[in-house]
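Next come the chains, spelled out residue by residue.
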Amino acid sequence: MFLPRFFTHLFFLLWLGSLFSATAFALWQTQGKTVLSLNLLLLLLWVGNQVVKKNKKKSAIRLSRSATIANVAHIRLSRSATIANILAPIHWKWSQTLTNVLFLVFVIFLFWLANAAMVFRWGEDVNFAYWLPSKDLAAYSRYVEMLLLTGQENYHCLSANYFEAQFHGCSPYHFYEFWLAAFFSKLFGFQPLTSYWLVTYPLFYLTIWCGAMAVCEYAQVRNYRTTNLLSFKNLASFSFNATSVLNPCGVVPTLWARGLFCLTLLLVGGCYFPAYQVVPFLKGTEYLHNNTLLTFGLVEPFLIATFLLWKQRKYYIAFLALFAIPLISITTLVGVLGIGVAYMFWHIIDKGYCRRKVKIFLPFAITMFLLIIAIVIFYWILGIQQTAIFSFNEVLPVYAFRQFSWGQALWFLGKGIFIVFGLYLGKIALLYLPFVLLAVLLQMQRRGENIILTNFSMLYKFFKLGEYSLQPHRDWWQLNFSPFLTILFCITLLGTAAMWLLQLHPDSHQLLTNVLVPFLNLALAHFFLVGFLQKKFTRSLTFIFGLLVVYQFYFSILVKYSQIKEEELYSTTYLEKISQLPAPPTQRQQFGAFLYGKEFYPHNLYSKGSRYNVPATYLAVLPQFYTVINIEIFDIPTSPQPIHQLFESRSLANSEFYQFVAKQKRNQQFVSIGQSQVDCILHYQLGFLVLSKQAMIRPELQKFIQKNSKMTIADEKSGEQFVVLYE
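Residues numbered from 1 in each chain as written. Predicted model: local features only at pLDDT ≥ 70, side-chain atom pairs only at ≥ 80, totals over all residues. Heavy atoms only, no water.

Asks: Talk me through the nonpolar core; I want residue IDs and the actual numbers.
Replies: Core analysis: the biggest nonpolar cluster contains 185 residues, and W209, Y618 and F722 have the highest contact counts within it. Here the element with the most residues in this core is helix α9 (residues 192-221); it accounts for 18 residues. Beyond its immediate chain neighbours, meaning those up to four positions away, Y618 contacts L132, Y570, Y574, L575, I578, V690, E720 and F722. L396, A409, F412 and I643 belong to the second-largest nonpolar core, a separate cluster that totals 8 residues. (Core = buried A, V, L, I, M, F, W, Y, C linked by side-chain atoms within 4.5 Å. Buried < 20%, exposed > 50% of the residue type's maximum accessible area, 1.4 Å probe, protein only. Helix = DSSP H or I, 4+ residues; strand = E, 2+ residues; numbered from the N terminus. Contact = heavy atoms within 4.5 Å.)

Asks: Describe in detail the pairing of strand β4 (residues 711-714), supporting the description with residues and values.
Replies: As paired elements, β4 and strand β5 (residues 721-724) share 4 bridges and run antiparallel to each other. From the neighbouring strand, A714 faces β5, where its bridge partner is Q721. Taking the residues between adjacent antiparallel strands as the criterion, β4 and β5 are bridged by 6 residues, where G719 takes a positive phi near 80°. (Pairing = 2+ DSSP bridges.)

Asks: Residues and numbers for the confidence of the model for the protein, please.
Replies: Caution applies to low-pLDDT regions: their predicted coordinates should not be interpreted in detail. Across the protein, pLDDT averages 76, with 72% of residues at or above 70. Averaged over each element, pLDDT in the protein is lowest for helix α10 (residues 232-236) (37) and highest for strand β3 (residues 688-691) (96). pLDDT under 50 marks residues 72-90. Its contacts with residues more than four places away, or in other chains, come to 35 contacts. Contacts for the low-pLDDT stretch residues 449-483, under 50 throughout, to residues beyond four places or in other chains number 63 contacts. (pLDDT = per-residue confidence, 0-100.)

Asks: Now, about the side chain of T617: what can you tell me, with residues and values included?
Replies: Structurally, the position occupied by T617 is in the loop between β1 (592-595) and β2 (628-630). Classification of T617 as buried rests on a relative accessible area of 2%. For T617, the side chain forms a polar contact with the main-chain oxygen of P133, separated by 3.4 Å. (Polar contact = N/O pair within 3.5 Å; in protein donor to acceptor, adjacent residues only side chain to side chain.)

Asks: Report on the side chain of N161, specifying residues and quantitative values.
Replies: In this structure, N161 sits in helix α7 (residues 160-163). Of the residues examined, N161 reaches a relative accessible area of 4% and is grouped as buried. In terms of polar contacts, N161 uses its side chain to reach the backbone carbonyl oxygen of H156, at 3.2 Å. Those residues in contact with N161 that sit more than four places away from it in its chain are T150, Q152, N154, H156, F167 and H168.

Asks: Any details on the pairing of β1? Residues and values, ideally.
Replies: Of the two faces of β1, the one holding G592 and F594 and the one holding A593 and L595 are both buried throughout. Of the pairings in the sheet, the one linking β1 to β2 comprises 3 bridges and is parallel in character. Within β2, the position partnered with A593 by the bridge is I629. Pairing geometry for β1 and β3, over 4 bridges, is parallel. Among the inter-strand pairings, G592 is bridged to a residue of β3, identified as F688.

Asks: Tell me about the packing of helix α29 (residues 673-684) against helix α30 (residues 699-708), and please be specific about residues and values.
Replies: Contact geometry of α29 with α30 gives a least axis separation of 6 Å together with a crossing angle of 40°. Here α29 lies oblique to α30, going by the angle between them. Touching G674, Q675, Q677, V678, I681 and L682 of α29 are E700, L701 and F704, all from α30. Among the residues forming the contact of α29 with α30, the class breakdown is 5 nonpolar, 3 polar and 1 charged. (Axes fitted to C-alpha atoms, helices over the stretch in contact; angles between N-to-C directions. Parallel < 35°, antiparallel > 145°, perpendicular 65-115°, else oblique. Nonpolar A, V, L, I, M, F, W, Y, C, P; charged D, E, K, R; others polar.)

Asks: Can you explain the pattern of salt bridges? Please cite residues and give values.
Replies: For the coordinates displayed, the defined rule picks out 4 salt bridges. The partner of E568 in a salt bridge is R121, with the nearest N and O atoms 2.7 Å apart. Separated by 447 residues along the polypeptide, E568 in the loop between α25 (539-566) and α26 (572-579) and R121 in the loop between α5 (94-116) and α6 (135-150) bring together distant segments of the chain. Under the relative-accessibility criterion, R121 is labelled buried at 15%. With its nearest N and O atoms 3.5 Å apart, the salt bridge here joins K663 to E164. Separated by 499 residues along the polypeptide, K663 in helix α28 (residues 656-666) and E164 in the loop between α7 and α8 (176-188) bring together distant segments of the chain. (Salt bridge = Lys/Arg side-chain N within 4 Å of Asp/Glu carboxyl O.)

If you want it as C-alpha cells, here you go:
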C-alpha cells in the first residue's frame with residue numbers, strides 16, 4: 001500500500017525546492033543579473049491572475065442573489081486553490097511511511113551509485129582515486145567553479161570572465177543545473193565536480209522517479225472515462241488518461257513492483273545500436289539517443305509537474321511550469337512556444353471540449369507573449385556587448401542572400417531545412433522504430449492478425465495517418481498517430497526558423513533532444529505503463545519490452561564508460577605527481593595555459609569548439625587548480641566553408657588570447673605570436689603550462705619556459721608535460 005500522496009508531495013517538494021534554491025542563489029550571486037530572475041515574472045503573473053480571479057468572485061457574490069452561507073464558504077475555500085493544496089497535510093501511517101522511506105533510500109543510493117561509479121576508482125591499487133571525467137562533464141564542472149568565482153552567467157565562465165571585464169554580461173545557455181550545483185557546492189563545501197555529478201544529477205533522477213510515482217498515485221485514486229490513448233484532446237491537453245481499473249483483477253501493484261517499474265521508465269527512450277555507426281546517415285545518432293541516464297535531466301520534472309497540475313485543474317500554474325522550461329534551458333524556447341501554438345490551435349478548433357476552460361486562453365496567450373518580450377529585453381540590456389555575439393546578420397537566410405545569388409541561396413536554404421527535418425527528425429524516427437514495431441505487433445496480436453506481418457491491411461491502416469484525425473474511439477488500444485504527429489509538428493513548427501541556424505549554433509539540435517524527445521519518452525512510457533498495469537501485454541511482448549529496457553540500461557552505462565575511457569590517456573604516476581603539487585600562492589596562478597598542436601583539432605576550429613573543449617580534464621578533480629587558456633588559437637586550421645567560418649570567427653573573438661593580441665595590436669605593442677604568448681602568461685600571472693608532444697612551441701616561449709620553469713612533470717604514456725611556473 002502507498003501512503004496517500006506520499007510521492008506526490010515529495011515530487012513537488014524536490015522540484016520546487018530545487019527551483020527555488022537555484023533561483024535564489026543565482027539572484028544573490030549575480031545581484032539579479034540572471035535569466036532565472038524571470039521566474040519572478042512568472043510568479044508575479046500568477047499572483048496577478050489570482051487577484052483577478054478573487055475580484056471576479058467577489059463581484060459574482062455581490063451580483064448573485066442566491067448566494068448562501070454555504071456558497072460563500074465554498075468560494076472562500078476555492079480562493080486558496082494554489083500549489084499549497086498539493087502539499088496539504090496528510091495523515092501519517094508509520095508502517096507505510098517506513099516502507100516508503102526505505103524504498104526511497106534504496107532508490108537514492110542506486111542513483112548515486114550509478115554516477116559515483118563514473119567518478120571513483122574502486123578496488124584498484126592506485127593512489128589516484130578518480131576516473132577522469134569526459135570533456136563535457138569537465139567543462140560543466142568548470143562552469144560551476146567560475147560561477148562561484150565571478151558570478152557572470154555567460155559562455156565565458158570557463159576563465160575569461162575572471163581575467164577581463166570586457167567578457168562580462170549574460171548569454172543564453174542551460175545555467176539552471178550549474179547554479180543548483182554551485183548552491184550545493186557553496187552550502188556543503190563540495191568540490192564542483194562532486195556537487196554537479198554526485199549531488200545535482202542524482203537529485204534530478206530522484207525527482208523524475210518521484211514524478212513517475214506521483215503519476216501512478218494519481219492514476220490510482222482517480223476515475224477516468226476510457227478514451228483513445230492518443231486522442232487529439234488528450235495529447236493537446238497533456239491528459240494521458242489512465243483507466244479506473246488498473247488491471248483486470250482490480251489489484252493495485254505493490255510499492256516495490258510499481259517503484260521498480262518506474263525505474264525502468266527512466267530508461268525508456270529511442271534505441272541506438274552501435275551498427276548505426278557504419279551508416280553515414282545514422283552516424284551521430286548516439287547524441288540524439290535520450291533517456292534519463294544520458295540526457296540533461298532538466299526538462300522532465302517540469303513536464304511531469306505540468307501534467308500533474310493540469311490534471312488537478314490548476315491550468316494556469318501548469319502553464320507557468322511549462323513556461324519556466326526555457327528559463328532553465330534556452331534552447332527549448334522554440335519548442336515550448338510550439339506547444340503553446342498547439343494548445344491555442346486545439347483551443348480554437350475544439351470549442352466543445354474547451355467551453356468550460358475558455359477563460360484560460362487569454363491569460364495563457366498574454367503570459368506567453370510577455371515571456372518572449374521579457375527574454376528579448378533581458379538579453380538586450382544585460383547581454384554581452386563588447387565581445388563577439390550572435391548577430392542578425394548571421395541568420396542563415398540573411399547570410400545566404402547576401403553571399404549567393406537567389407538560385408544558390410534558395411538551394412542553400414532548402415538544404416538547411418532538409419538537414420533539420422531529413423536528418424534530425426529522420427534519425428529520431430529510426431531511434432524509436434523498435435518501440436513502434438512493438439506497438440504494431442501488440443495491436444495486431446490483439447486484433448488476431450498474423451504476427452509475421454503477412455496481412456498488409458493492418459500496416460496500411462497504421463500508416464494511413466489521416467483516417468481518424470479528431471474522432472475518439474471506444475477501443476483505446478486503437479493506435480491513432482495522426483493527432484500525435486500533429487502535436488509533434490506544432491512543437492517544432494516555430495523551431496523551423498531557429499533550426500536554420502543549425503550550422504551556426506552547434507547546440508541548436510537541443511530543440512529536439514530537450515523538448516521533443518522527452519515528450520516522446522513520456523508518451524511512450526505512459527503507453528507501456530498502462531499496458532503493464534492492465535496486463536494487456538502477452539508474455540512474448542512483455543519479454544521483448546524487457547529486453548529493450550535492459551539494452552537501454554546496458555547501452556547507457558556503456559556510453560558513459562566509453563566517454564570516461566576516452567580520457568584515460570595518462571599514466572597513474574603522472575596524475576599522482578600533479579595531484580601532490582602544493583596549491584599556488586595566488587588565485588590567478590591556479591589558472592594555466594595549454595598548447596596541444598594541430599593534431600588536437602581533427603579538421604578545423606569548427607570541429608573542435610574552443611569554448612569548453614580543452615585538454616587536461618584531470619584538472620576538474622584537483623582542487624588546487626582551475627582550468628587552462630588556449631594560447632594557440634591562431635595556429636588552429638580554419639574551415640574552407642563560409643558558413644563554418646562565421647562560427648569560427650565568433651570562437652576566435654571570444655578567446656582570451658585572441659582579445660589579448662587584438663589589444664596589443666591596437667596599442668601597437670604586438671611583436672610576434674610567440675612574444676604575445678609570453679606576455680599573456682605574465683599579464684594574467686598564469687601558474688602552469690600543459691604541453692603535448694605535438695605542440696608547436698615558438699622560440700620566445702621556449703626561452704621563457706627554460707628560464708621560469710620551477711618543475712616539469714612528464715608523462716611517458718601520453719608525452720604530455722606539466723610545467724610549473726610558481727614557487
